[in-house]
Amino acid sequence: MKRKEYLDWKTYFMTVAKASAMRSKDPSTQVGAVVVNRLQQIVSTGYNGFPRGISDDDFPWEREGDFVNTKYPYVAHAELNAVVASRTDLTGCELYVTLFPCNECAKILIQAGISKIYFMDNKYDNEPNVIASKRMLDAAQISYELLPDLKIEILINDIKMD
Ligand SMILES: [Zn+2]
């Protein structure tokens, strides 16, 4: 008899997105993203962080203060990193991301040809950047779906290697 507790696809991809988020050095927000093609294959992953060559130790992680001394002008979002990291056409691919995409990422996802977005959290739902993001995604007919809280934390200790 086959196992019954195996991961369904959505849980699997969001688990990988969560694991990707754990790579982030950002002290306040860790976001992970996974791009998946029509064959349910992972095309790329990403997490939020400074661009390649920009020091995690020398650049600011602050959220308050002078704009140029905050993280905001420097951090590349998980979705941007996942799209840029892919080496294939993303038309029709789906995105799994731990936090609803901001307006800047929405533009990137639309232009890359992403057809659907699954997200785990939308804590900035009423902020202008998310309102603008949804307005663009709706106009571009890209659907998005909240995945219910997934039982991820128990899974890593659940595999057997007998
Ligand atoms: Zn973004």
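It should be emphasised that the depicted structure is a prediction, and the values quoted were computed from it without experimental measurement.

### Structural notes on the side chain of Asp26
Okay, so step 1: Summarising the element assignment, Asp26 is placed in the loop between helix 1 (9-21) and strand 1 (32-36).
Okay, so step 2: Reaching out from Asp26, the side chain makes a polar contact with the side chain of Asn48 at a distance of 3.4 Å.
Okay, so step 3: When residues no more than four places from it in sequence are discounted, the contact partners of Asp26 are Asn48, Trp61 and Lys71.

### Some words on the nonpolar core
Okay, so step 1: Core analysis: the biggest nonpolar cluster contains 21 residues, and Val35, Leu90, Leu95, Val97, Ile114 and Ile117 have the highest contact counts within it.
Okay, so step 2: Mapped by element, the contributors of at least two residues to this core are strand 1, helix 2 (78-85), strand 3 (94-97), helix 3 (103-112), strand 4 (116-119) and helix 4 (128-139).
Okay, so step 3: Look past the residues within four positions of Val35 in its chain and what remains in contact with it is Gln41, Ile42, Val43, Ser44, Ala82, Leu90, Cys93, Glu94, Leu95 and Ile114.
Okay, so step 4: Of all hydrophobic cores here, the second largest spans 10 residues; its members include Phe13, Val36, Leu147 and Leu150.

### A few points about the pairing of strand 2 (residues 42-47)
Okay, so step 1: For strand 1 and strand 2, the ladder comprises 5 bridges, and the chain directions are antiparallel. Its bridge partner lying in strand 2, Gly32 is registered against Tyr47.
Okay, so step 2: Hairpin geometry of strand 1 and strand 2 is characterised by an intervening segment of 5 residues between the two adjacent antiparallel strands and by a positive phi of about 60 degrees at Gln40.

### Considering the sheet that holds strand 5 (residues 143-146)
Okay, so step 1: With respect to topology, 5 strands assemble into an open sheet ordered 2-1-3-4-5, the strand pairing being mixed. Since the sheet does not close on itself, it has two edges, and those belong to strand 2 and strand 5, each with one partner. Along the sheet, successive strands turn relative to each other by an average axial angle of 15 degrees, direction set aside.
Okay, so step 2: Sheet topology note: the strand 3/strand 4 ladder contains 4 bridges and is parallel. Counted as the bridge partner of Glu94 is Lys116 from strand 4.

### Considerations on the UniProt feature "binding site: Zn(2+)" (unreviewed entry) in the chain
Okay, so step 1: As annotated in UniProt, the feature "binding site: Zn(2+)" (unreviewed entry) corresponds to His77, Cys102 and Cys105 in the numbering used here. Taken along the chain, the residues just named run across 29 residues; in space they keep tight, none of their C-alpha pairs more than 9.0 Å apart.
Okay, so step 2: Here Cys102 lies in the loop between strand 3 and helix 3.
Okay, so step 3: When sequence neighbours within four positions are dropped, the list of residues in contact with Cys102 reads His77, Glu79, Asn129 and Ser133.
Okay, so step 4: Relative to the helices and strands, Cys105 is located in helix 3.
Okay, so step 5: Judged by its relative accessible area of 2%, Cys105 falls in the buried class.
Okay, so step 6: The residues contacting Cys105, other than those within four sequence positions of it, are His77, Glu79 and Leu80.

Conventions used here
Residues numbered from 1 in each chain as written. Predicted model: local features only at pLDDT ≥ 70, side-chain atom pairs only at ≥ 80, totals over all residues. Heavy atoms only, no water. Helix = DSSP H or I, 4+ residues; strand = E, 2+ residues; numbered from the N terminus. Polar contact = N/O pair within 3.5 Å; in protein donor to acceptor, adjacent residues only side chain to side chain. Contact = heavy atoms within 4.5 Å. Core = buried A, V, L, I, M, F, W, Y, C linked by side-chain atoms within 4.5 Å. Buried < 20%, exposed > 50% of the residue type's maximum accessible area, 1.4 Å probe, protein only. Pairing = 2+ DSSP bridges. Axes fitted to C-alpha atoms, helices over the stretch in contact; angles between N-to-C directions. UniProt positions renumbered as here; feature names shortened; annotations may be inferred.

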